[in-house]
Number of protein chains: 2
Amino acid sequence: MPAKFSRLSADDYFNGIRAGDRMILSRAITLVESTLLTDKAISDDLLERILPFTGQARRIGITGVPGVGKSTFIERFGQLLVREGEKLAILTIDPTSSKSHGSILGDKTRMDVLSKLEEVYIRPSAAGSALGGVANATREAMLLCEAAGFTTILIETVGVGQSETSVRNMVDFFLLLMLAGAGDELQGIKKGIMEMADAIAITKSDGANIQESEKARISYQNALHLFPPDESGWITEVLTTSALDGAGFEEIIGVINRYYEHMESSGRLSALRNHQKIQWLNDLIDYLQRRQFLATPGMKEALKLQEQAVLKGTTSPYKAARTLVELAWNV
Amino acid sequence: MPAKFSRLSADDYFNGIRAGDRMILSRAITLVESTLLTDKAISDDLLERILPFTGQARRIGITGVPGVGKSTFIERFGQLLVREGEKLAILTIDPTSSKSHGSILGDKTRMDVLSKLEEVYIRPSAAGSALGGVANATREAMLLCEAAGFTTILIETVGVGQSETSVRNMVDFFLLLMLAGAGDELQGIKKGIMEMADAIAITKSDGANIQESEKARISYQNALHLFPPDESGWITEVLTTSALDGAGFEEIIGVINRYYEHMESSGRLSALRNHQKIQWLNDLIDYLQRRQFLATPGMKEALKLQEQAVLKGTTSPYKAARTLVELAWNV
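The name an unreviewed UniProt entry gives chain A is Methylmalonyl Co-A mutase-associated GTPase MeaB, with Fulvivirga sedimenti as the organism.

(A) Broad picture of the pairing of strand E3 (residues 120–124) of chain B. Residue and element names in this part refer to chain B. Here E3 lies mainly inside the structure; five of its five residues are buried. By the alternation rule, side chains of E3 split into Val120, Ile122 and Pro124 and Tyr121 and Arg123, which are all buried. Here strand E2 (residues 88–93) runs beside E3; their pairing, made up of five bridges, is parallel. Bridge pairing in E3 links threonine 92 to proline 124.

(B) Region of interest: the sheet that holds strand E5 (residues 173–179) of chain B. Residue and element names in this part refer to chain B. Read across the sheet, seven strands follow the order E3-E2-E4-E1-E5-E6-E7 without closing on themselves; strand pairing throughout is parallel. In the strand order of this sheet, the two ends are held by E3 and strand E7 (237–240), each with one partner. Each neighbouring strand pair of the sheet contributes to a mean axis angle of 20 degrees, computed without reference to strand direction. As paired elements, E2 and strand E4 (residues 152–157) share six bridges and run parallel to each other. Counterpart to threonine 92 in the pairing with E4 is glutamate 156. Across the sheet, helix H9 (residues 210–225) lies against E5, strand E6 (199–203) and E7, angled at about 180 degrees from E7, the strand it touches most.

(C) Fine view of the packing of helix H12 (residues 299–312) of chain B against helix H13 (residues 317–329) of chain B. All names here are of chain B. The interhelical angle for the contact between H12 and H13, taken along N-to-C directions, is 170 degrees, at an axis separation of 9 Å. For the element pair H12 / H13, the angle class is roughly antiparallel. Mapping the contact onto sequence places Met299, Ala302, Leu303, Gln306 and Val310 in H12 and Pro317, Ala320, Thr323, Leu324, Leu327 and Ala328 in H13. Of the residues belonging to the contact of H12 with H13, the class tally is nine nonpolar, two polar and no charged.

(D) Examining the interface of chain A and chain B more closely. If you look at the interface, chain A gives 64 residues, while chain B gives 64 residues. For the pair chain A and chain B, the two sides together bury roughly 6,300 Å², of which 65% comes from carbon and sulfur. Inspection of the region where chain A meets chain B yields six salt bridges. Residue A:Arg322 pairs with B:Asp44 through a salt bridge whose shortest N-O separation is 2.5 Å.

(E) Molecular detail of helix H1 (residues 10–18) of chain B. Taken together, the buried positions of H1(B) are B:Ala10, B:Tyr13, B:Phe14, B:Gly16 and B:Ile17. A positive phi of about 80 degrees marks B:Gly20, the residue just after H1(B).

(F) Representation of the pattern of salt bridges in the model. Counting across every chain of the model gives 26 salt bridges over all chains. For B:Glu48, the salt bridge identified is with A:Lys319, shortest N-O distance 3.3 Å. You can see B:Glu48 sitting in helix H3 (residues 37–50) and its partner A:Lys319 sitting in helix H13 (residues 317–329), one on each of two chains. What makes B:Glu48 partly exposed here is its relative accessible area of 27%. Judged by its relative accessible area of 24%, A:Lys319 is partly exposed. Among the salt bridges present, the one from B:Arg168 reaches B:Asp198, with a minimum N-O distance of 2.8 Å. In this pair, B:Arg168 is assigned in helix H7 (residues 163–168) and B:Asp198 in the loop between helix H8 (182–185) and E6, connecting sequence segments 30 residues apart.

Basis of the calculations
- Residues numbered from 1 in each chain as written.
- Chains lettered and ligands numbered in written order.
- Predicted model: local features only at pLDDT ≥ 70, side-chain atom pairs only at ≥ 80, totals over all residues.
- Heavy atoms only, no water.
- Buried < 20%, exposed > 50% of the residue type's maximum accessible area, 1.4 Å probe, protein only.
- Helix = DSSP H or I, 4+ residues; strand = E, 2+ residues; numbered from the N terminus.
- Pairing = 2+ DSSP bridges.
- Axes fitted to C-alpha atoms, helices over the stretch in contact; angles between N-to-C directions.
- Contact = heavy atoms within 4.5 Å.
- Parallel < 35°, antiparallel > 145°, perpendicular 65-115°, else oblique.
- Nonpolar A, V, L, I, M, F, W, Y, C, P; charged D, E, K, R; others polar.
- Buried area = accessible area lost by both parts, 1.4 Å probe.
- Salt bridge = Lys/Arg side-chain N within 4 Å of Asp/Glu carboxyl O.

Here's what the structure looks like:
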């Protein structure tokens, strides 16, 4: 094996990942996150080689505002998954965290038991990059984890940013964690996220909170029945759970299993994943085109000037857009 | 005045619109819908000239599935607005209708009384064009109507397509019409639309339906209280209405007035509209870039091949996107 900080070839990465080498996997994720052109060539190669070994894992998104008990939930729920035989990769996206390695240590501390298990791999996404970049890097990190043999991928987001739609578009199942006592806690949740959820779990349902949690569960379940089901006909389920005593964990696994049965019947899961792939391709085209656009010499200044003119009402958005796009494409 | 089918200059359009000439207004909307380059030059000019005369109208979106009674509601509600002194422009977007003038006649028939009122202008958007195009044309049609002196613009969509987000992004207030008896009727509504609504009106609340409508109203109001408010702090209101006897019309006007009071305090309305303008500019940049991308010789075939490779798993979406974008930008 090459020394720790030497350059690896696509072959080295491929063999290391397929052999389940965590250090190589981590370096491969750093590679796909990299924006260096030399790295891109290797990561393109690597991704193409691992693709045949991807797709077999369950892809689950978990979101919820800070304070809802996300890490505690994952720490305990993850242990149950491992006891059931899963190999678990946890990818976290926190746009509010800094780029420093502090967040990596932070995540490992937050998930103290999990981080020491051999069956578990925890990896925060590099925050601070452009959204298209983060979302893409997370998708590719997910594929790398699948190729490394993980059978369940949990992707965690904070539920207040813009990454939830991207995550919804890369997972099979999207779980929203919420607190009982909707009033105040709701303030932090972004509008639209509840309608993305395949299941909602009311957390901290233990001790004196059990009754209130159950009341919240019924309210949400009734409310969600008034909302349209998704295209597959799945209706969002609402449960209560406690990371303290593991209440509701079996039920959550039950919902996930029922969801996969529902999706795997009549080929809905592969249709969903195909749809996600094409969506992903198109998002990336838009993202790369936007990057190319912004790389046009003088574009940032020109964009700012046109934005100001649009706000002042001295030009129409269409004319402004056309001027800028013509500048970028040199037509 | 120039003869009916001669070419008009930007000046002719401008003067005609400002003088409230309906025929000129209609031709100007056709002009902004046009994709001809020669038309674009004139419409760019025209839009720049009318911009100072826009922005004073209330911009209201109305959506609901077919069968909810949208046209009947607008036909009757519109008459009330006119009696209250409004000059009313109604722009309809129906992506399912054909490009023929049949839809224009159709809309005028559906709104029999309104279409004969001097204070009312009804115009369907050219369907069949690309979404970016339709949305942009509708936005520009709205501005032309404002410059022509209309004080309320109603933009109607069918609630089952993809145009609702675009419409949400161009109006101040978004009204969703629904039927009581949520079960079956919900099937047609797209997930996510309810969370966009500033108000929901349960239609056909008359005769034997009153009780059920009131029950539905309470259920929805309770349900929506569990959902996060929008960024401005507005909580969606739910009402019942009947186009048969005008029940609820005054209440709907009351909600709209309260909404504008809420938004006009602390400058929220101008912040929303500024946000919409910048969003619009950025949507148009993406749209025009996509059009430029697709105009690359051989791109449609190349895109199809890459999509197939992505679905087969022989290439990664990132590599496919990069290959296509490099082809388009010739880098």
